Amino acid sequence: MASKGRRQQRQQITTAELELQLQQLSIDPTSSTTENLEALAPLIKSIHDTDSEQLYLRSLDKFVEDKEREIEKICEGNYEDFVSSVSTLLTVRQGTTHLRRRIGELDGQMGDVGRALGEKKRALLEQKKVARNMDDAIETLQTCLRLLDLVHRVGEMIREGKYWGALRSLEDLSHLPPPSISQTPFYTHLVSSLPSLRLSIKDAVTAGTKSWLFDIRESSARVGKLALDGMEERIRRWRARREKEGGVRLARVGGALELVSNERVEFDALDNDEIHIDFKPLYQCIHIYEALDAKSELQRNYQEDRKTQANLILSSRSSTSPETLLSTLPLLMQELVGFFIIEAHVLRTSPDFRNRRDVDDLWDGMCRRIVDIVGLGLKGCGQLEVFLESKTNILLFVQTLEGYGYNVAELNGLLITLFERYSELLLRKFSADFDQVVSEDDNQPMMVNDQEEFDQVAGVCWLATGEMESLAMQGFPQAMPFSQTYPMCCINIRNFVDQFYQFTDGVTQHHLDIDEVLRKSLDGLLSDHVSKQIGERLMGMNNLSQIAQVVVNLEHFATACDELEGVLMNLRASQRGGPVKLASVQSFAATLALAQSRIDAVIASKLESFFELAEYDWTPRRPGSTVDQPSTYVFEMITFLTAYVDSVLIGLNETVKTRAYQNALMRINKWLMDTLCGRDVPRLNEQALASVLADVTFIETEIARLGRSQLDHVFDEVKLTINIILSDAVNAFMEPSIRQLSYAAVKPARLSIILAKLGKAAQMAGGPAGQGKAERRRVEAEQVYRLAAPGR
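Residues numbered from 1 in each chain as written. Predicted model: local features only at pLDDT ≥ 70, side-chain atom pairs only at ≥ 80, totals over all residues. Heavy atoms only, no water.

Moving on, we get to the overall build of the chain. A tally of helices and strands in the chain yields 28 helices and 2 strands. Here the chain, with 792 residues, has 43% of them falling under the buried criterion. Nonlocal contacts in the chain, meaning residues at least 24 apart in sequence, comprise 77% of its contacts between residues at least 6 apart. Total accessible area on the chain stands at roughly 42300 Å², and carbon and sulfur atoms take up 53% of it. (Helix = DSSP H or I, 4+ residues; strand = E, 2+ residues; numbered from the N terminus. Buried < 20%, exposed > 50% of the residue type's maximum accessible area, 1.4 Å probe, protein only. Contact = heavy atoms within 4.5 Å. Areas by Shrake-Rupley, 256 points an atom, 1.4 Å probe, with all protein chains shown as cover.)

This next bit is on the confidence of the model for the chain. Segments scoring low in pLDDT should not have their predicted coordinates read at a detailed level. Looking at the chain, the pLDDT average stands at 81 and 87% of residues meet or exceed 70. Counted against residues more than four places away or in other chains, residues 1-11, with its pLDDT under 50, gives 6 contacts. Overall, residues 247-251 carries pLDDT values under 50, and its contacts beyond four positions in sequence, including any with other chains, amount to 16 contacts. (pLDDT = per-residue confidence, 0-100.)

To continue, consider the nonpolar core. Side chains of a nonpolar character, in soluble globular proteins, are inclined to be buried together. Counting residues in each nonpolar core, the largest one holds 195 residues, and the members touching the most others are L336, W363, I370 and I668. When residues in this core are grouped by element, the largest group, 16 residues, is from helix α7 (residues 185-244). Discounting chain neighbours no more than four positions away, the residues touching I668 are L607, F611, M637, I638, I699 and F715. With 5 residues, the next largest nonpolar core counts L43, Y56, L57 and L60 among its residues. (Core = buried A, V, L, I, M, F, W, Y, C linked by side-chain atoms within 4.5 Å.)

The next point concerns unusual backbone geometry. Omega for the bond connecting F476 with P477 falls within 30 degrees of zero, at -5°, which places this linkage in the cis form. Positioned with a positive phi, N443 is a non-glycine residue whose angle comes to about 55°. Secondary-structure assignment places N443 in the loop between α14 (409-439) and β1 (447-448). Located in the positive-phi region is D728, a residue other than glycine, with phi close to 55°. Mapped onto the secondary structure, D728 falls in the loop between α24 (716-726) and α25 (730-734).

Let's shift gears to a positive patch on the surface. Judged by side-chain charge, K121, K128, K129 and R132 come together as a positively charged surface patch. Here K128 lies in helix α5 (residues 79-160). Under the relative-accessibility criterion, K128 is labelled partly exposed at 43%. (Patch = residues over 30% accessible without salt bridge, like charges linked within 9 Å, V, L, I, M, F, W, Y side chains within 5 Å. Salt bridge = Lys/Arg side-chain N within 4 Å of Asp/Glu carboxyl O. Lys, Arg positive; Asp, Glu negative; His and termini not counted. Charge placed at Lys NZ, Arg CZ, Asp CG, Glu CD.)

Here helix α15 (residues 451-460) crosses helix α17 (residues 485-504) at 55°, and the two axes come no closer than 8 Å. Here α17 runs oblique to α15, going by the angle between their axes. The hand of the α15/α17 crossing is left-handed. Across the interface between the two elements, V457, G459 and V460 of α15 pack against P487, C490, I491 and R494 of α17. By residue class, the composition of the contact of α15 with α17 is 5 nonpolar, 1 polar and 1 charged. (Axes fitted to C-alpha atoms, helices over the stretch in contact; angles between N-to-C directions. Parallel < 35°, antiparallel > 145°, perpendicular 65-115°, else oblique. Left-handed = near helix turned anticlockwise from the far one by under 90°. Nonpolar A, V, L, I, M, F, W, Y, C, P; charged D, E, K, R; others polar.)

On the surface, V130, M134 and I138 cluster together into a nonpolar patch covering about 260 Å² of accessible area. With respect to the helices, strands and loops of the structure, M134 is situated in helix α5. Given the relative accessible area of 49%, M134 is considered partly exposed.

Moving on: the packing of aromatic side chains. One pass over the structure, following the stated rule, counts 25 aromatic pairs. Centroid distance F340 to W363: 5.1 Å. Interplanar angle 90°. Geometry classified as edge-to-face. On the criterion of sequence distance, the pair formed by F340 in helix α11 (residues 325-349) and W363 in helix α12 (residues 356-377) is long-range, its members being 23 residues apart. For the pair F340 and W363, one class covers both residues: buried. When the centroid spacing of 6.1 Å and the interplanar angle of 35° are considered together, the rings of F635 and F698 count as tilted. Placement of the pair is F635 in helix α21 (residues 632-648) and F698 in helix α23 (residues 686-704), with a sequence separation of 63 residues. Site record: aromatic cluster; members linked through ring pairs are F419, Y422, F430, F496, F500, Y501 and F503. (Phe/Tyr/Trp six-rings, centres within 6.5 Å; stacked < 30°, edge-to-face > 60°.)

Right, here's the structure in full:
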């Protein structure tokens with residue numbers, strides 16, 4: 001193509017131009033051939049360069065012809081000049097021939113040289129082209145190698161877990177393409193493979209996160225156990241401080257006081273000497289997904305994975321029974337505590353990734369499942385220990401996770417439900433225990449044989465002020481004032497309170513007044529299963545010593561109630577409300593009154609047997625009894641009464657004894673008045689009344705020896721009634737002022753009946769004196785009766 005181009009350039013010289021050059025050529029005949037050739041050299045070079053030899057030759061022939069014609073024309077005029085010109089022409093012709101030959105030779109030489117030079121130049125150009133292509137190929141290969149190396153490094157970084165560096169490298173590949181290969185199929189293929197590489201990074205970091213999730217699933221139980229152990233230690237420290245410092249007794253774990261106290265004690269369940277949970281895989285995954293603009297996908301997948309893990313934890317221990325609950329519940333609590341501590345940490349450290357609603361959904365679902373699992377495990381369970389241990393595990397679970405910001409209201413509700421069932425079982429158990437203790441009591445004083453036994457009994461019983469010191473001064477063996485019912489019931493009461501508060505310790509009381517529940521429960525136990533049970537047994541008792549022992553027991557139970565109110569006040573979980581008052585105090589008071597009434601009834605029944613022995617002559621000529629020689633039945637009755645009350649009722653306080661005497665004497669007084677006024681005695685005379693008065697005086701004399709001044713006026717009615725008659729003071733009795741002042745105990749109706757009976761006896765005696773006396777008694781009876789009439 002280069003030679004063809006040069007030939008086209010040579011053809012550009014025209015015939016006119018060659019003729020013009022020939023015409024301008026000046027050949028000096030005198031000059032040497034070499035000089036003439038030098039003049040011809042530029043023309044010859046031009047002819048050779050333009051490859052116009054033939055054209056030149058034609059032009060030269062024409063030129064020669066033209067010159068010959070000129071010569072001929074000149075020769076016509078000058079032959080010599082013509083001949084000379086011919087000679088010159090011949091010389092020129094010879095030179096021209098020589099020149100043509102030389103030009104041919106030079107043309108051949110120049111052709112050979114040009115062809116060789118052209119071949120070399122073409123070879124050189126080909127070599128340069130190959131070199132350029134090789135340089136381009138090398139540069140391209142180097143660029144490709146760098147890209148391939150970068151892609152390989154991306155793969156290595158993926159394998160090494162350097163996902164962020166791999167992703168940045170891919171971003172460099174996609175955003176900074178080398179311009180030399182940007183349009184090549186290789187680069188196009190490389191760019192098209194970037195999404196798959198991103199997917200590889202995504203899959204790799206996802207796999208790492210899945211592996212991390214599996215690892216924390218395996219580590220959750222360990223984390224939970226450490227957290228629960230830490231909370232147990234925290235509770236022990238706080239409990240020890242509460243016992244040491246009474247001022248913080250009411251503060252609970254997690255309260256303001258305890259939190260301030262616990263600030264100096266830091267324990268991280270996720271990072272300690274025994275375990276370290278590395279959250280880097282998760283954070284790295286979040287970072288990568290955010291860079292890939294796929295965070296929402298990771299959030300969904302993470303939530304599903306965690307939900308699946310939570311369900312696996314719960315379902316693995318969902319089949320429980322009372323026999324297996326105590327072994328499965330602690331393990332379940334450990335795994336769940338670890339699970340939600342990890343969730344709380346992720347929520348706190350990555351709020352843009354983990355939102356509260358998703359965690360709350362997991363938490364709420366777990367709470368519902370826990371309630372179901374515990375409910376199923378405790379279904380039909382009657383063992384207090386199972387309830388107590390379940391409460392301990394759940395409460396520890398609640399206290400631990402409450403500190404991580406979880407809403408424990410539903411689990412507190414579960415604790416309250418457990419507490420209610422526990423209270424029912426506790427009441428049922430202690431009700432049976434109290435019933436058994438009361439029913440098996442022999443109502444005899446409890447014996448202690450040595451100081452050790454005394455200390456044990458005195459240590460559990462509530463005693464009146466100074467009673468323990470008084471008992472401690474006595475020797476051994478010693479009869480305690482109470483029977484075994486009282487210390488046994490005291491032990492049960494203490495155990496009940498301890499077991500009650502053992503369950504409620506740490507339980508929040510926002511929804512339930514636990515102290516009020518305890519008060520009502522204790523009231524129910526003491527009233528229904530102690531007081532009423534004792535009352536029921538009393539109704540079948542006729543042994544006065546046993547009844548007396550029951551009275552002593554009831555008095556001690558009243559003391560116990562007073563002391564117990566103080567104990568409950570000190571144990572109360574809050575200071576709201578007034579002092580604690582037990583309604584069972586009234587129940588024991590009522591039962592005590594029943595026991596005392598039972599004493600009166602038994603004594604009264606004994607007195608009835610003596611009343612049956614009474615043999616009064618109601619119309620004697622002279623009194624049958626005197627103060628020194630009372631009626632036989634009165635002497636025996638008073639002897640029995642004083643000996644019986646003072647010996648059998650020896651354990652009772654003086655008030656009770658005095659009351660027993662008083663009721664017995666009142667019964668005698670009533671029997672005497674009923675007898676004097678009753679239908680069994682249709683008539684009587686003054687001598688009979690004198691006998692009755694003598695018996696009463698004897699009774700008062702004997703009672704006075706006991707030093708019980710409270711009994712001085714028991715027989716006022718019978719004495720004053722008889723004295724009115726025997727002292728003939730009916731008219732004085734009719735005077736209101738005298739009657740109110742001196743005869744307030746006398747009932748006009750009864751006095752009227754006795755006066756009427758005296759009149760009948762006088763009438764039966766006959767004679768004028770008797771008739772007069774009878775009439776007087778009749779009038780007195782009518783007058784006195786009018787005092788008892790309605791409206792007076």
